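Each chain, letter by letter, is given below.
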Amino acid sequence: MAKSSADDEELRRACEAAIEGTKQQIVMSIRVAKTSGIIGIAGKLSRGAMAKPRVLAISTKAKGQRTKAFLRVLKYSNGGVLEPAKLYKLKHLSKVELVTNDPSGCTFMLGFDNLRSQTVTPPQWTMRNVDDRNRLLLCILNICKDVLGRLPKVVGIDVVEMALWAKENTPAITKQQANPQDGPVTAVAEEGEMTVTVERELVSQAEEEDMEALLGTYVMGIGEAEAFSERLKRELQALEAANVHAILENEPLIDEVLHGLESATNCVEDMDEWLGIFNVKLRHMREDIESIETRNNKLEMQSVNNKALIEELDRLLERLRIPSEYAVCLTGGSFEEARMPQNIEACEWLTNALHGLESPKLDPSYSNMRAVKEKRAEVDKLKTTFVRRASEFLRNYFSSLVDFMMSDKSYFSQRGQLKRPDHADLRYKCRTYARLLQHLKSLDKNCLGPLRKAYCTSLNLLLRREAREFANELRSSTKASKNPIVWFEGLTGLNQSVHNADTSAASEAYAKMLTIFIPLLVDESSFFAHFMCFEVPTLLPPEGVANGNKAGDDKDDDLGIMDIDENDNKSGQTSADLEALNESLHDLLDGIQEDFFAVVDWAGKIDPMCCISMHGITERYIPGQKADAAGFVHILLDDLESRISMQFSRFVEETCHQIERNERNVRQLGVLSFIPRFATLATRMEQYIQGQSRDLVDQAYTKFVTIMFVTLDKIAQTDLKYQDIMLLENYASFQNSLYDLANVVPTLAKFYHQASESYEQACTRHINTIIYYQFERLFQFARRIEDLMYTITPEEIPFQIGLSKADLRKVVKYSLSGVDKSISTMYKRLQKNLASEELLPSLWDKCKKEFLEKYESFVQLINKVYPTESIPSISEMRGLLASM
């Protein structure tokens, strides 16, 4: 027999290393194959259920006076090292079942009662042979009996056979006496290659002796199977004959039983005949009772129907009745404020009556009744009469309210007194009829159109007059210069008093106009939208700078209309309602924009710089007017912003034309007048920016500087002799005047760097002109040498025509004899045409640096081509320039 893996000491040590640190001791370890598929023919695994090598190890752990037993499953890692895979507690082992599909009997399953999913088939374990299977199962059963005190259910395995196998395979047993508290008692069999652990026999000694005695009665010699079979047949025939004899002895008793059964059958037949007769009689009686009950039920149902019909007719008559007090109120009642509760009550009754005569509140079967048709016509007539009377009253009422306010001059601004419009009383009086308008809408939506038109027409006159009187008084009471400021015309500088003139009063007047009227127009729009029953979201008055009021300044603006009809409190609005609202708001506020435009034009004429601050003020109001009820106000603010931008753009264009007109003037020298004036203008513009108009000002800067630089280039090109001098002087002046602003304004910083680059280019050109004018022959000789060095070697150059050593001596003598006078002449020429004396030191330093660089290149070139010739060194020339 091959050595079992249960005897493999290396496997045991590998298992102990895998569970090191758990304080558990390995009792047995054995190699198995794990499968989850179904074993088919000849013990082969079905497709898709490949066997996986595993090691099953039984371990124990002592905990106090108790001992715990575990079944561990270990698997091989990628490096061939055992590592724990699963852990089962043997106290939960409920069943050990042999897989019948495996004819070898080496495959079994272990069932545990604590698994989460009992629907999943437990894995199947396949041993190498039956001996290994018996070793493992006997070890498990013995531990369960000794440690746990119970045995799991064993299915498909003969326990007696296993006990006999254990007895046969344990020839020498050394029992270790120990206390039960010290764990399971183990018996070790010592034989060649076999070591089987058996704790106790599964069958007691007495049971085994009884079983052997029973089997001994049938045991015969070897080869006597046929005799044993014959003996069994004879015993079976003897039993059958005894049974037949017993039956024949009981024949009289059977005859007596049959006679009794026949008598009972006759009695039952007589009883069945009597029951049939009684059943016929009962059926006739039942039919008579059912006929009587049917007649009674019909009479009872007729009575109930008649009673229900009378009640329904009474309810219908009550619904069709028109109370006299409501009829009088709807056809000829007064609409005075004191009578409004009665009118509202009548409207509510009328609305309910109309709804009550329509489905689903009215049964469709009543619709064609004559009485219902007549009452519906009568109620419709009441509705038409009331709607006509209420609409006519409200149109006259709106007109009379506005006429009363228009006739009283104290409502408007007057000379020397600005009057803030106050519509609290007007709205209070209108709110009296808000609930009436709600009922008119529910009765007839078409009647609201003329009412809205009448309200808008009347209130438009009031709002336009309030805005006109306020704007006129605002302009007349604001003290500001009436002479327009011209920034870039004229040869002399601007008057200092003009630069310092305070024109902020004009922009403050515009801000005051917006502060007073924008919240008023928003409130009027919101009041109108809800008062006239438009289904738009509730508009809350904007706070802070958007309304110009402190919280609680206008408590009467709370409409109190949303409580009129809770059924109308909807979250959205239809596009038709929104379109009608926009049309009505146009009728309500159209024309008022002219007074705002007048203030904008007036402030722009006083000082175009005011457009910057007015643009910023307008932008602050725009984000707060996004609600549907403030649509026209948002359009008004957009138009004002466009008007201000257009006016400021006109100022920018005119200023650009003034700059361009400098081109047509007589020959100009020095710094052009528009350079310092632009710095003054930019400083003034920055003072008017309030953080909201940066884009507008940056666009103006771009136009101004672009046209300034273009005009400067054109003026400089009129006299090419002084072109570079004019450019460098003007660009230097531009940088000096805008140095502080360029540090804080990114747009001006960009143009500052552009002017700096142009200044450097003009300086370089002008200095090169002066240097070449004084030392033209010297550097022209060097240029000829440089050109030839591209084609011939330096040694051949002295043999070229005009480049001999004698020619070099002539050029050096002509250019460098009396070089101090030449340099002094160069300084005088630089000073002669320069109007800005402060630029002279920096230009002269640039000139000396440029001359030294050119002379250094000349000396290096001469030393390379004419190494034997001597010319003044670079250090001598540098010392000479330093002394100048």
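Each remark here, short or long, concerns the structure printed above.
Numbers given for residues are sequential positions, taken from 1 along each chain in its written order. Local features are withheld for residues below a pLDDT of 70 in this predicted model, meaning they are given only at 70 or higher, and side-chain atom pairs are given and counted only at 80 or more; totals for whole chains, interfaces and linings count all residues. Side-chain figures throughout are based on the complete set of non-hydrogen atoms in the structure, without hydrogens or water.

A. The overall build of the chain, seen in detail. Note on conventions: DSSP H or I runs of at least 4 residues are helices, E runs of at least 2 residues are strands, and numbering of each starts at the N terminus. Helix and strand counts for the chain stand at 28 helices and ten strands. For every residue, the accessible area obtained with a 1.4 Å probe (protein chains only) is divided by the maximum for its type, and the residue is called buried under 20%, exposed over 50%, and partly exposed between those limits. The buried share of the chain, taken over its 884 residues, is 41%. Put simply, of all contacts in the chain between residues at least 6 apart along the chain, 71% involve residues at least 24 apart. Accessible surface area values rest on a Shrake-Rupley calculation with a 1.4 Å probe, where residue burial reflects the displayed protein chains alone. A total accessible area of about 50,700 Å² is found for the chain, and carbon and sulfur atoms account for 52% of it. The contact criterion used is simple: two residues touch if any of their non-hydrogen atoms lie within 4.5 Å.

B. Geometry of the pairing of strand E3 (residues 66–76). In this sheet, E3 lies alongside strand E2 (residues 52–63) in antiparallel orientation, the contact comprising nine bridges. In the sheet register, Ala62 faces E3, and the bridge partner there is Thr67. Following E2, the chain reverses through two residues before pairing antiparallel with E3; Gly64 in that reversal takes a positive phi of roughly 70°. Relative to strand E4 (residues 82–89), E3 runs antiparallel, the two sharing seven bridges. Following the sheet pairing, Val73 is matched in E4 by Lys86. Pairing between two strands is assigned when DSSP locates at least 2 bridges connecting them. Here E3 hands over to E4 after five residues, with Gly80 in that stretch at a positive phi of 80°.

C. Structural context of the pattern of salt bridges. We count a salt bridge whenever a side-chain nitrogen from Lys or Arg sits within 4 Å of a carboxyl oxygen from Asp or Glu. Within the structure shown, the criterion is met by 16 salt bridges. Glu686 is the partner of Arg694 in a salt bridge, and the nearest nitrogen-oxygen pair spans 2.9 Å. By relative accessible area, which is 27% here, Arg694 ends up partly exposed. Through salt bridges with shared partners, a single ionic network connects Arg128, Asp132 and Arg135.

D. The arrangement of the sheet that holds E3 in detail. Ordered in space as E4-E3-E2-E1-E7-E6-E5-E8, the eight strands form an open sheet in which the pairing is mixed. Each end of this open sheet is capped by a strand with a single partner; those strands are E4 and strand E8 (153–155). Pairs of neighbouring strands in the sheet enclose a mean axial angle of 35°, with direction left out of account. Examined bridge by bridge, strand E5 (residues 93–98) and E8 share three bridges and lie parallel to one another. Residue pairing for E8: Lys95 is matched across the bridge by Lys153. The axes used here are C-alpha line fits, helices contributing only the stretch in contact, and every angle between their N-to-C directions lies in the interval 0 to 180 degrees. Along the sheet, helix H2 (residues 130–148) contacts strand E1 (25–35), E2, E3, E5, strand E6 (107–112) and E8; its crossing angle with E1, the most-contacted strand, is approximately 130°.

E. Layout of the packing of helix H14 (residues 504–531) against helix H16 (residues 593–606). Packing of H14 against H16 leaves a shortest axis separation of 9 Å and a crossing angle of 165°. Considering their axes alone, H14 and H16 lie roughly antiparallel with respect to each other. For H14 against H16, the interelement crossing comes out left-handed. Facing H14, whose interface residues are Ala506, Ala509, Tyr510, Met513, Leu514, Phe517 and Leu521, H16 presents Asp595, Phe596, Val599, Val600, Trp602, Ala603 and Ile606. Three classes are used, and their members are as follows: Ala, Val, Leu, Ile, Met, Phe, Trp, Tyr, Cys and Pro are nonpolar, Asp, Glu, Lys and Arg are charged, and the others, Gly among them, are polar. Its residues assigned to classes, the contact of H14 with H16 comprises 13 nonpolar, no polar and one charged. When describing relative orientation, an angle under 35 degrees is termed roughly parallel and one over 145 degrees roughly antiparallel, while 65 to 115 degrees is termed roughly perpendicular and anything else oblique. For any helix crossing, the convention is left-handed if the near helix is rotated counterclockwise from the far helix by under a right angle, and right-handed if that rotation is clockwise.

F. Region of the structure containing a positive patch on the surface. Only residues above 30% relative accessible area that lack a salt bridge enter a patch, with like-charged residues linked at up to 9 Å and the nonpolar side chains Val, Leu, Ile, Met, Phe, Trp and Tyr linked at up to 5 Å. When charges are counted, Lys and Arg are positive and Asp and Glu negative, with His and the chain ends excluded. Charged groups are reduced to one reference atom each: NZ for lysine, CZ for arginine, CG for aspartic acid, CD for glutamic acid. On the surface, Lys63, Arg66, Lys89 and Lys91 cluster together into a patch of positive charge. Inspection of the secondary structure puts Lys89 in strand E4. Judged by relative accessible area, which is 37%, Lys89 ranks as partly exposed.

G. Structural detail: the packing of aromatic side chains. Paired rings are identified among Phe, Tyr and Trp, the last through its six-membered ring, by centres lying within 6.5 Å, and are further divided according to the angle between planes into stacked (under 30 degrees), edge-to-face (over 60) and tilted (the rest). Considering all chains together, one arrives at 29 aromatic pairs under this definition. Ring pairing ties together the aromatic residues Phe648, Phe651, Phe678, Tyr701, Phe704, Phe709, Tyr731 and Phe734, which thus form one cluster. Only lysine NZ and arginine CZ atoms are considered, and such an atom sits over a ring when it is within 6 Å of the ring centre and within 35 degrees of the ring normal. Between the NZ or CZ atom of Arg452 and the centre of the ring of Phe534, over which it lies, the distance is 3.7 Å. Residue placement shows Lys750 over the ring face of Phe751; its charged tip is 4.9 Å from the ring centre.

H. Just the environment of Cys106, in detail. Along the chain, Cys106 falls in the loop between E5 and E6. The buried category is assigned to Cys106, whose relative accessible area is 6%. Along the chain, Cys106 and Trp125 lie 19 residues apart, while their C-alpha atoms are 8.2 Å from each other. If we ignore the near neighbours within four places in the chain, the residues touching Cys106 are Trp125, Thr126, Met127, Arg128, Asn129, Val130 and Arg133.

I. Expanded view of a nonpolar patch on the surface. Together, Met271, Trp274, Leu275, Ile277 and Phe278 make up an exposed nonpolar region whose accessible area comes to about 550 Å². One can find Ile277 in helix H6 (residues 251–320).

J. Layout of the nonpolar core. Here the nonpolar core consists of buried residues drawn from Ala, Val, Leu, Ile, Met, Phe, Trp, Tyr and Cys, with membership extended through side-chain atoms lying within 4.5 Å. In terms of nonpolar packing, the biggest core is built from 171 residues, with Leu436, Leu440, Tyr455, Phe648, Phe678, Met685 and Phe734 touching the most fellow members. Ranked by residues supplied to this core, first place goes to H14 with 16 residues. Setting aside anything within four residues of it in sequence, one finds Leu440 in contact with Phe386, Val387, Ala390, Leu394, Lys445, Cys447 and Leu451.

K. Broad picture of the packing of helix H26 (residues 819–832) against helix H27 (residues 840–865). At a minimum axis distance of 11 Å, the contact between H26 and H27 shows a crossing angle of 140°. Here H26 is positioned oblique relative to H27, judged by the angle of their axes. Viewed along their axes, H26 and H27 form a crossing whose handedness is right-handed. Along its contact with H26, which presents Ile823, Met826, Tyr827, Leu830 and Gln831, the element H27 presents Leu840, Leu843, Trp844 and Cys847. The residue makeup of the contact of H26 with H27, split by class, is eight nonpolar, one polar and no charged.

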